[in-house]
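Below, each chain spelled out in residue letters.
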Amino acid sequence: MPYIDQPLTLEDACNWSRMIDLLIAEKPHWKPGSTHGYHGHTTGYIAGELIRRVDPQHRSYGQFVRDELDKEYYVGVLDDAVEARVAPLFEKAVEKKIISIC
Amino acid sequence: MSMIYDKTLTCSGALPLEQPKMIYNESQVHRAELPAVNGITNARSLAKIYSLLINDVNENGKKLKCLLSKNILTQAITNITPAGEPDQTLYNKTTSFSKSGFQTYGDCFNIFGDGVFGHTGKTIIFKYLQY
């Protein structure tokens, strides 16, 4: 399930329960085990929802990681003091080339 | 948008790449939980998490226990992708993934050599807080 086979908006991608509903409704795009493909985005929702469901406290992925792995690893920044320190990303031609290869 | 590659890498158009404005810098994207693409941290935190998969870690005199047994780690990082199998969503390049989803040594991830695991590390994957 490397992608949802319908156009999505940024609001969709940022809405966890919406993405999980879409993934539950999605049919596998090939016969499982017959081939493979990089799951650029869906892997995060799938693994995150698995963790949320098996965690007795049903924490979100971001909360689980901060509590259990490292308090400085953010998936979802809600603190303005942290947000102010996030370095901006820039795309450069050399990086585009890397993306096109792998 | 129709190509399987585009749908995979842009979350079906929600997070387009190569735009004049980098969407991953938007505070709306920073606030959302997108585990595959918006892990935000610093180098020390990232190194600590990966180190904890391999061994115990001494953090300022405090011993942190390794997260995985050697048996689980071995299973988690062993390539299970048939040699030379084209990746359906990455331009049919040959990629290699383990059972747990780590990228493993192969054509597309050939630094460090055998035993390496993780991700090739596109710029969209990790960002670092500036200290």
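Cut-offs and rules
Residues numbered from 1 in each chain as written. Chains lettered and ligands numbered in written order. Predicted model: local features only at pLDDT ≥ 70, side-chain atom pairs only at ≥ 80, totals over all residues. Helix = DSSP H or I, 4+ residues; strand = E, 2+ residues; numbered from the N terminus. Rg over C-alpha atoms; globule rule 2.2 N^0.38 Å. Buried ≥ 20, exposed ≤ 12 C-beta atoms within 10 Å, placed from the backbone. Core = buried A, V, L, I, M, F, W, Y, C linked by C-beta atoms within 7 Å. Contact = placed C-beta atoms within 7 Å. Nonpolar A, V, L, I, M, F, W, Y, C, P; charged D, E, K, R; others polar. Pairing = 2+ DSSP bridges. Axes fitted to C-alpha atoms, helices over the stretch in contact; angles between N-to-C directions. Parallel < 35°, antiparallel > 145°, perpendicular 65-115°, else oblique. pLDDT = per-residue confidence, 0-100.

Caption draft 1: Fine view of the overall build of chain A. On a plain count of helices and strands, chain A comes out with 6 helices and 1 strand. Relative to the globule expectation of 13 Å for 102 residues, the C-alpha radius of gyration of chain A, 16 Å, shows a markedly less compact shape. For chain A, the residues scored as buried account for 26% of the 102 residues in total.

Caption draft 2: Structural view of the overall build of chain B. When you go through chain B residue by residue, the secondary structure sums to 4 helices and 6 strands. Listed by position from the N terminus, the elements making up chain B come as α-α-β-α-β-β-α-β-β-β. Dimensions of chain B along its principal axes, counting C-alpha atoms only, are 50 × 40 × 20 Å. Per-residue burial over chain B gives 27% buried out of 131 residues.

Caption draft 3: Examining the nonpolar core more closely. Core analysis: the largest hydrophobic core is formed by 17 residues, its most contacted members being A:Leu8, A:Ala13, B:Cys11, B:Ala14 and B:Leu34. With sequence-adjacent residues up to four places away left out, B:Cys11 is seen in contact with A:Leu8, A:Ala13 and A:His41. Core analysis: the next-biggest nonpolar cluster, separate from the first, contains 7 residues, A:Val65, A:Val75, A:Val77 and B:Ile40 among them.

Caption draft 4: Up close: the interface of chain A and chain B. Contacts between the two partners involve 49 residues from chain A, matched on the other side by 49 residues from chain B. For the side of chain A that touches chain B, the secondary structure elements donating two or more residues are helix H1 (10-13), helix H3 (42-54), helix H4 (61-68), strand S1 (74-75) and helix H6 (93-101) of chain A. Its residues assigned to classes, the side of chain A that touches chain B comprises 28 nonpolar, 13 polar and 8 charged. Here S1(A) runs beside strand S1 (residues 39-41) of chain B; their pairing, made up of 2 bridges, is antiparallel. Paired with A:Tyr74 across the bridge in S1(B) is B:Ile40.

Caption draft 5: Layout of the environment of A:Leu8. Along the chain, A:Leu8 turns up in the segment before H1. As a C-alpha pair, A:Leu8 and A:Met19 span 11 residues in sequence and 9.6 Å in three-dimensional space. With sequence-adjacent residues up to four places away left out, A:Leu8 is seen in contact with A:Ala13, B:Cys11, B:Ser12, B:Gly13 and B:Ala14.

Caption draft 6: Inspection of the packing of helix H2 (residues 16-25) of chain A against H3(A) at higher detail. Residue and element names in this part refer to chain A. For the pair H2 and H3, the least separation of the axes is 10 Å and the interaxial angle reads 100 degrees. Classed by the angle they form, the pair H2 and H3 counts as roughly perpendicular. Only Thr42, Tyr45, Ile46 and Glu49 of H3 make contact with H2, whose side of the interface consists of Met19, Ile20 and Leu23. Here the residues of the contact of H2 with H3 are counted per class, giving 5 nonpolar, 1 polar and 1 charged.

Caption draft 7: The confidence of the model for chain B, seen in detail. Residues and elements named next belong to chain B. Of the residues in chain B, 90% have a pLDDT of 70 or more, and the chain-wide mean is 86. Within chain B, no element has a lower average pLDDT than strand S6 (residues 126-128), which sits at 33, and none a higher one than helix H2 (residues 27-31), at 97. Residue range residues 123-131 is modelled with pLDDT below 50. Its contacts to residues more than four positions away, or to other chains, number 26 contacts. Listed scores for the predicted complex are pTM 0.88 and ipTM 0.89.

Caption draft 8: Highlighting unusual backbone geometry. Residue and element names in this part refer to chain B. The backbone of Ser12 sits at a positive phi, close to 55 degrees, despite the residue not being glycine. When you line up the elements, Ser12 lands in the loop between helix H1 (4-10) and H2. You will see that Asn60, though not glycine, has its phi angle at about 50 degrees, which is positive. Position of Asn60 relative to the elements: it lies in the loop between strand S2 (57-59) and strand S3 (62-64). Residue Asn60 is classed as exposed on the basis of its 4 C-beta neighbours within 10 Å.

Caption draft 9: Representation of the environment of B:Ser69. All names here are of chain B. Mapped onto the secondary structure, Ser69 falls in the loop between S3 and helix H4 (70-77). Overall, the presence of 9 C-beta atoms within 10 Å leaves Ser69 in the exposed class. Each C-alpha atom, one on Ser69 and one on Leu52, is 11 Å from the other, the two residues being 17 residues apart in sequence.

Caption draft 10: Molecular detail of the confidence of the model for chain A. For chain A, per-residue confidence averages 91 on the pLDDT scale, and residues scoring 70 or more make up 90% of the total. Note on residues 95-102 of chain A: pLDDT under 50 across the span, and 10 contacts to partners over four residues away in sequence or across chains.

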